[in-house]
Amino acid sequence: MGHHGTVELSSPIRRRRDGRYAIRLDPNVRAVLANLAQQLPVALEARDPTTRRLFPPAYPGAAFEQAEQEYRELVDTALVNHHRKALDVLAATADADTLSEEELNDWLAAVGSLRLVFGTRLDVSEDMVPPDPEDLAAAEYGLYEFLGELQYLIIEVLAAELPERGRPEGAL
């Protein structure tokens, strides 16, 4: 038992002595992650409206339309390539028992991208009330929440390797 009677569970992601990261996830979770990572690149290429948060505007407003267009021409290909690489790594390594630090960082980027897309689809806001379990959006909301938890765990394990002076104040 942990502090105040709580049960302490070990993280499904931990750093090994050899510098790799052990990943303990249910096979069904791994299959869902791989499937989602394979689906999102199609939406990226098609510029599906649910991917808009993956391409935030640099110059909002009609007054800066030309500057925004120039910015898009400059960075969009790099952004698509960044998202695609991370998603490809997640899809290719979803069944792996261990990951390198680079692969885990790609997982973090891919999970973040997937979460942004689900958040956009669900129109998530800070004051949003989770959907009723009978609502059709409940399953997607559950995935959104799970992706947030996985994102947190990845950040937590990667942040543990930061030098003390590089860590933020307080617990993550």
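Details of the structure are given in the entry above.
All of the points below concern the structure found in this document. (Residues numbered from 1 in each chain as written. Predicted model: local features only at pLDDT ≥ 70, side-chain atom pairs only at ≥ 80, totals over all residues. Heavy atoms only, no water.)

## Describing the environment of alanine 31
Then, in step 1: Along the chain, alanine 31 turns up in helix H1 (residues 27-46).
Then, in step 2: Taking the relative accessible area as the measure of exposure, alanine 31 reaches 44% and is therefore partly exposed.
Then, in step 3: In this structure the C-alpha to C-alpha distance between alanine 31 and alanine 94, which are 63 residues apart in sequence, comes to 7.2 Å. (Helix = DSSP H or I, 4+ residues; strand = E, 2+ residues; numbered from the N terminus. Buried < 20%, exposed > 50% of the residue type's maximum accessible area, 1.4 Å probe, protein only.)

## Some details on the environment of glutamate 101
Then, in step 1: Here glutamate 101 shows up in helix H3 (residues 101-122).
Then, in step 2: Sequence separation of glutamate 101 and glutamate 73 is 28 residues, and the distance between their C-alpha atoms is 31 Å.
Then, in step 3: Beyond its immediate stretch of four places on either side in the chain, glutamate 101 contacts Tyr21 and Leu158. (Contact = heavy atoms within 4.5 Å.)

## Here we look at the packing of aromatic side chains
Then, in step 1: Applying the stated rule across the entire model yields 3 aromatic pairs.
Then, in step 2: Judged by centre distance (6.3 Å) and plane angle (35 degrees), the rings of tyrosine 59 and phenylalanine 64 are tilted.
Then, in step 3: Overall, the relative accessible area of 44% leaves phenylalanine 64 in the partly exposed class.
Then, in step 4: Both rings, one in tyrosine 59 and one in tyrosine 71, keep their centres 6.4 Å apart while their planes meet at 80 degrees; by these two values the pair is edge-to-face. Taken together, the positions of tyrosine 59 in the loop between H1 and helix H2 (65-93) and tyrosine 71 in helix H2 put the pair 12 residues apart, joining distant regions of the chain.
Then, in step 5: With a relative accessible area of 37%, tyrosine 59 lands in the partly exposed category.
Then, in step 6: The exposure class of tyrosine 71 is partly exposed, given its relative accessible area of 25%.
Then, in step 7: Within the aromatic cluster, the residues linked to one another by ring pairs are Tyr59, Phe64 and Tyr71.
Then, in step 8: Over the face of the ring belonging to phenylalanine 55 we find arginine 47, whose NZ or CZ atom lies 4.0 Å from the ring centre. (Phe/Tyr/Trp six-rings, centres within 6.5 Å; stacked < 30°, edge-to-face > 60°. Lys NZ or Arg CZ within 6 Å of the ring centre and 35° of its normal.)

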